[in-house]
Amino acid sequence: ACVPLVGAGLMVNTLTRLITSHPGYEVDGLTTIRVTAPASISTPAAAMSFWRDVLEQVRMTPGVISATVGRVPPEEGAGSLTAEDTRDDPTSREGAALLVAGPRYFDVLGIPMRAGREFTDADTAGGPPVAIIDDETARRFWPDESALGKRVRYSPHLPWMIVVGVAGDVMTSRPSKGQPSFELYTPAWQGNNPQRLSVVIRSSGSRTPLIEELRKRIREIYPSAEISAPQLVRDMYGPSLVEPRFT
């Protein structure tokens, strides 16, 4: 009689230790599609006009709740983050996840803004370089003061960027590890390659007809634009969003 009870106890113990790792934003209903502008679009001004047109068409597509451009976790790049306040201290550098974000990026993904602002259409290559950091980065470099107005960079070959916002922490490549990394966001319109970006879509209902309609709308105004296969953001994480822990 004791064996079934022991087995049941082990099962309950295992179930209660299922760890659900929340990535820090709402992945359900999010899809990314990589879009490449036609070769004729070769200037920053033309690229911005192209992306405004694309986003307008995407947002008008039935089933789309909201849309932006950018790189979503876990598609991050990597860099060595340095704060201007501590640039002479080599031990102050931190490995950081680098993410590109367009206007309304944090609203679309559901990442809370803790302080400051999101990026806007005014954050272009002609303006001052700006960045948004996460809570973890703000606590690391400025534990007792506001990070807004401070300056950071992720390469000694790039200019310092003014921190204009602080966002909630997100998990990057492996959320189940429970180790928040340092995140640095840069504006899509200040990027080196605005001709190729990911469109991030939050939608409801069936995805297939929505994507087909979206492709149709974009190609009606830009026939030579390249549009990749869509990818669900949840699938990028795979099984790491729920991972059992045995003890």
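Thresholds applied
- Residues numbered from 1 in each chain as written.
- Predicted model: local features only at pLDDT ≥ 70, side-chain atom pairs only at ≥ 80, totals over all residues.
- Heavy atoms only, no water.
- Helix = DSSP H or I, 4+ residues; strand = E, 2+ residues; numbered from the N terminus.
- Buried < 20%, exposed > 50% of the residue type's maximum accessible area, 1.4 Å probe, protein only.
- Contact = heavy atoms within 4.5 Å.
- Expected span 1.5 Å × (residues − 1).
- Arc of directions from axis to C-beta.
- Phe/Tyr/Trp six-rings, centres within 6.5 Å; stacked < 30°, edge-to-face > 60°.
- Salt bridge = Lys/Arg side-chain N within 4 Å of Asp/Glu carboxyl O.
- Core = buried A, V, L, I, M, F, W, Y, C linked by side-chain atoms within 4.5 Å.
- Polar contact = N/O pair within 3.5 Å; in protein donor to acceptor, adjacent residues only side chain to side chain.

With that settled, the discussion passes to the overall build of the protein. The secondary structure content of the protein amounts to six helices and 14 strands. Among the 247 residues that make up the protein, the fraction classed as buried is 46%. Taking the intrachain contacts of the protein between residues at least 6 apart in sequence as the baseline, contacts between residues at least 24 apart amount to 77%.

Quick look at helix H5 (residues 207-221) now. The end-to-end C-alpha distance of H5, which contains 15 residues, comes to 22 Å, matching closely the 21 Å that a straight helix rising 1.5 Å per residue would cover. Within the span of H5, buried status applies to Leu210, Ile211, Leu214, Arg215, Arg217 and Ile218. All buried residues of H5 lie within an arc of 165° about the axis, which places them on one face of the element. Those residues of H5 that are exposed and angled more than 90 degrees off the buried face are Thr208 and Glu220. On its buried face, H5 is in contact with strand E2 (30-36), helix H2 (44-60), strand E3 (64-69), strand E11 (196-203) and strand E12 (226-227).

Moving on, we come to the packing of aromatic side chains. Aromatic ring pairs are reported here in terms of the distance separating the ring centres and the angle at which the planes meet. Considering all chains together, one arrives at six aromatic pairs under this definition. On the basis of an interplanar angle of 75° and a centroid distance of 4.9 Å, the ring pair of Phe50 and Trp51 is categorised as edge-to-face. Since its relative accessible area comes to 0%, Phe50 is described here as buried. The buried category is assigned to Trp51, whose relative accessible area is 0%. Here the aromatic rings of Phe50 and Tyr222 are separated by 4.7 Å at their centres, their planes lie at 70°, and the arrangement is edge-to-face. One end of the pair, Phe50, is in helix H2; the other, Tyr222, is in the loop between H5 and E12, with 172 residues separating them in the sequence.

It is worth spelling out H2 at this point. In an α-helix, one turn spans 3.6 residues; hence positions three or four apart end up facing the same way. Between its first and last C-alpha atoms H2 spans 24 Å; for 17 residues at 1.5 Å apiece the expected length is 24 Å, and the two agree. Buried residues of H2: Ala47, Met48, Phe50, Trp51, Val54, Leu55, Gln57 and Val58, and no others. In the core, the buried residues of H2 are packed alongside E2, E3, E11 and H5.

This part takes up the pattern of salt bridges. Taken as a whole and assessed by the stated rule, the structure comprises twelve salt bridges. For the salt bridge of Asp85 with Lys150, the shortest nitrogen-to-oxygen distance reads 3.9 Å. Remark: Lys150 occurs in the loop between helix H4 (135-141) and strand E8 (151-153) and Asp85 occurs in the loop between strand E4 (77-83) and strand E5 (94-101); sequence separation between them is 65 residues. Taking relative accessible area as the criterion, Asp85 reaches 47% and is therefore assigned partly exposed. One continuous salt-bridge network, built from bridges that share partners, spans Asp85, Glu145 and Lys150.

A separate point is unusual backbone geometry. Despite not being glycine, Arg104 has its phi angle at roughly 70°, a positive value. What makes Arg104 partly exposed here is its relative accessible area of 36%.

Phe50, Trp51, Val58, Val69 and Val199 are the most contacted members of the largest nonpolar core, which totals 26 residues. Elements with a contribution of two residues or more to this core: E2, H2, E3, E11 and H5. Ranked by residues supplied to this core, first place goes to H2 with seven residues. In this structure Trp51 touches Val35, Val69, Trp189, Pro194, Gln195, Arg196, Leu197 and Val199, once residues within four positions along its chain are discounted. Residues Val27, Val72, Tyr105 and Val164 belong to the second largest nonpolar core, which totals 22 residues.

Let us look at the side chain of Thr68. By secondary structure assignment, the location of Thr68 is in strand E3. What makes Thr68 buried here is its relative accessible area of 0%. For Thr68, the side chain forms a polar contact with the main-chain oxygen of Pro103, separated by 2.7 Å. The contact partners of Thr68, leaving out residues within four places of it in the chain, are Leu55, Arg59, Gly102, Pro103, Arg104, Tyr105, Val108, Ser198, Val199 and Val200.

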